[in-house]
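Each chain is listed here by its residues.
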Amino acid sequence: MRVVRTISEIGEALEPAADVGLVPTMGAFHEGHLSLFTAARQESEVVVVSLFVNPAQFGPAEDFERYPRDEERDAKLAEEAGVDYLFEPAADEIYPEGYETWVDVGELGQRLEGEFRPGHFRGVATVCLKLFNIVRPARAYFGQKDAQQAAVVKRMASDLNLDVEIRVLPTVRDEDGLALSSRNAYLSPQDRVAALALPRALATKDPAQARELLRGLDVDYVEVAVLDGQRVLAAAVRVGKTRLIDNIVLEGDPR
Ligand code: AMP
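Every chain is numbered on its own, with residues counted from 1 as its sequence reads. In view of the model being predicted, local features appear only for residues whose pLDDT reaches at least 70, and side-chain atom pairs are presented and counted only at 80 or more, with totals across whole chains, interfaces and linings using the full set of residues. Heavy atoms from the whole structure form the basis of all side-chain values; hydrogens and water molecules are not counted.

A. Region of the structure containing the overall build of the chain. The numbering of helices and of strands both runs from the N terminus, where a helix is a DSSP run of H or I of at least 4 residues and a strand a run of E of at least 2. For the chain, the count of helices and strands is ten helices and nine strands. Each radius of gyration reported is based on C-alpha atoms, and the globular scaling rule is 2.2 Å times the count of residues to the power 0.38. Expected size for 255 residues packed as a compact globule is a radius of gyration near 18 Å; at 18 Å, the chain falls within 12% of this value. Taking the principal axes of its C-alpha atoms as reference, the chain extends roughly 55 × 35 × 35 Å. For the chain, restricting intrachain contacts to residue pairs at least 6 apart in sequence, the fraction spanning at least 24 positions comes to 69%. Each accessible area is a Shrake-Rupley estimate made with a 1.4 Å probe; only the visible protein chains count as cover when residues are assessed. Total accessible area on the chain stands at roughly 12,400 Å², and carbon and sulfur atoms take up 48% of it. Throughout, a residue-residue contact means that at least one pair of heavy atoms, one from each residue, lies within 4.5 Å.

B. Focus on the site of the ligand. We call a residue near a molecule or strand as soon as one heavy atom of that residue lies within 4 Å of the molecule or strand. Taken together, the neighbourhood of the ligand is formed by 18 residues, with Met26, His33, Asp146, Val172 and Leu180 sitting nearest. Think of a polar contact as two N or O atoms within 3.5 Å of one another; within protein, one of them needs to be a possible hydrogen donor and the other a possible acceptor, and neighboring residues in sequence only count if both atoms come from side chains. In the model, an oxygen atom of the ligand is placed 2.8 Å from a nitrogen or oxygen of the His33 side chain. In the model, a nitrogen atom of the ligand is placed 2.8 Å from a nitrogen or oxygen of the Val172 main chain. Burial of the ligand by the protein chains amounts to 93% of its free accessible area of 480 Å². Those elements that provide at least two residues to the shell around the ligand are strand 2 (20–25), helix 2 (31–43) and strand 5 (139–143).

C. Spotlight on the sheet that holds strand 2. Read across the sheet, six strands follow the order 1-4-3-2-5-6 without closing on themselves; strand pairing throughout is parallel. Unpaired on one side and paired on the other, strand 1 (2–4) and strand 6 (165–169) mark the two borders of the sheet. When the angles between neighbouring strand axes are averaged without regard to direction, this sheet yields 25°. Paired strands, in this sense, are two strands between which DSSP finds at least two bridges. Across three bridges, the pairing between strand 3 (residues 46–51) and strand 4 (residues 85–87) is parallel. When the bridges of strand 4 are listed, Val49 appears paired with Leu86. Axis geometry follows a simple rule: fit a line to the C-alpha atoms, using only the stretch in contact for helices, then measure angles between N-to-C directions, giving values from 0 to 180 degrees.

D. Seen up close, the sheet that holds strand 7 (residues 218–227). A sheet is described by the order of its strands in space; here three strands give the open sequence 7-8-9, paired in antiparallel fashion. This sheet does not close on itself; its edge strands, each paired only once, are strand 7 and strand 9 (242–249). The mean angle between the axes of side-by-side strands here comes to 15°, regardless of whether they run parallel or antiparallel. Pairing geometry for strand 8 (residues 230–239) and strand 9, over eight bridges, is antiparallel. Bridge pairing links Ala235 to Asp246 in strand 9.

E. Examining the packing of helix 6 (residues 120–135) against helix 7 (residues 147–159) more closely. As a packed pair, helix 6 and helix 7 sit with axes 10 Å apart at the nearest point and diverge in direction by 55°. One element, helix 6, and the other, helix 7, form an angle in the oblique class. Crossing angle aside, the handedness with which helix 6 passes helix 7 is right-handed. Between helix 6, through Phe121, Val124, Ala125, Cys128, Leu129 and Phe132, and helix 7, the contact on the second element is made entirely by Gln148, Gln149, Val152, Val153 and Met156. Here the residues of the contact of helix 6 with helix 7 sort into nine nonpolar, two polar and no charged. Just so you know how the angles are binned, under 35 degrees is roughly parallel, over 145 roughly antiparallel, 65 to 115 roughly perpendicular, and the rest oblique. Here a crossing is called left-handed whenever its near helix is offset anticlockwise from the far helix by less than a right angle, and right-handed whenever the offset is clockwise. Just so you know the grouping, Ala, Val, Leu, Ile, Met, Phe, Trp, Tyr, Cys and Pro go in nonpolar, Asp, Glu, Lys and Arg go in charged, and all remaining residues, Gly too, go in polar.

F. Expanded view of the environment of Ser188. Within the secondary structure, Ser188 is located in the loop between strand 6 and helix 8 (189–195). Here's how the labels work: a residue is buried when its accessible area is under 20% of the maximum for its type, exposed when over 50%, partly exposed in between, all with a 1.4 Å probe on protein chains only. Look at Ser188 and you get partly exposed, because its relative accessible area is 27%.

G. Fine view of the side chain of Ser182. Locating Ser182 in the fold gives a position in the loop between strand 6 and helix 8. On the basis of relative accessibility, which here comes to 8%, the residue Ser182 falls in the buried class.

H. Inspection of the packing of aromatic side chains at higher detail. Only rings of Phe, Tyr and Trp enter the pairing, Trp through its six-membered ring, and a pair is recorded when the two centres are within 6.5 Å. The plane angle decides the type: under 30 degrees is stacked, over 60 is edge-to-face, the rest tilted. Summed over the entire model, instances satisfying the criterion amount to eight aromatic pairs. Arranged with centres 5.1 Å apart and planes meeting at 80°, the rings of Tyr95 and Tyr99 form a pair that is edge-to-face. Owing to a relative accessible area of 15%, Tyr95 belongs among the buried residues under this scheme. Overall, Tyr99 belongs to the partly exposed group, its relative accessible area being 23%. Relative to Trp102, the ring of Tyr99 lies with its centre 5.2 Å away and its plane at 80°, an arrangement referred to as edge-to-face. Trp102 gets classed as partly exposed once you look at its relative accessible area, which sits at 30%.

Structure, rendered in structure tokens:
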């Protein structure tokens, strides 16, 4: 595996005709990330993982500064998963001085997460479009854990006629049901026990029952939503200082 830090280097490394699978990430890898790397490895000639903690998708009061970072461990895990290139650009490689252009996501980016994280999906869509242009993947891999993000990226790919297939893979959970997330590292042992209410609430597949089970936690939303044509029960809660999101598919494709 090669670690590549500049756009020109990754451009030179990839053959124009190569069949590339791209997995965009913010690092602090766990089994959820690894499941995407494995799928990309099975389906693509060349696997590129991007590791970029994208400042544009964090609000001013959010956790950008303290987001978990461990480059060495991540490089080792990516290599073991058969990744060919780990693309780790610096912030000014992606947003150089004078940067001015953004993807404006419509209503889909305003509700649910968008309501509590204004500008979040503008940052997500913009960085994904840039990564797609830089890496030119045939397919890009996303997790159902961030169902609204996957829906926003799919919508963008369709609306902007991007030549990339968006693959969405199931949420990987810990044995106790908690969806794996880099942010779980923030949870104290007591927080972690409290956080288990989230998967338990979603497992009821019923918004009223879910609300009941989440009583006592600081709930941003718990609601049924249609994302990418699929009904899900989605929720965001705060446990201590940690904000967690999760969702469960209610019907249709059991992704
Ligand atoms: P992140 O590094 O958190 O931005 O996540 C990178 C990709 O991994 C996104 O497409 C996420 O949806 C996906 N992902 C994160 N957690 C999980 C999980 N528990 N199961 C499956 N995919 C995940």
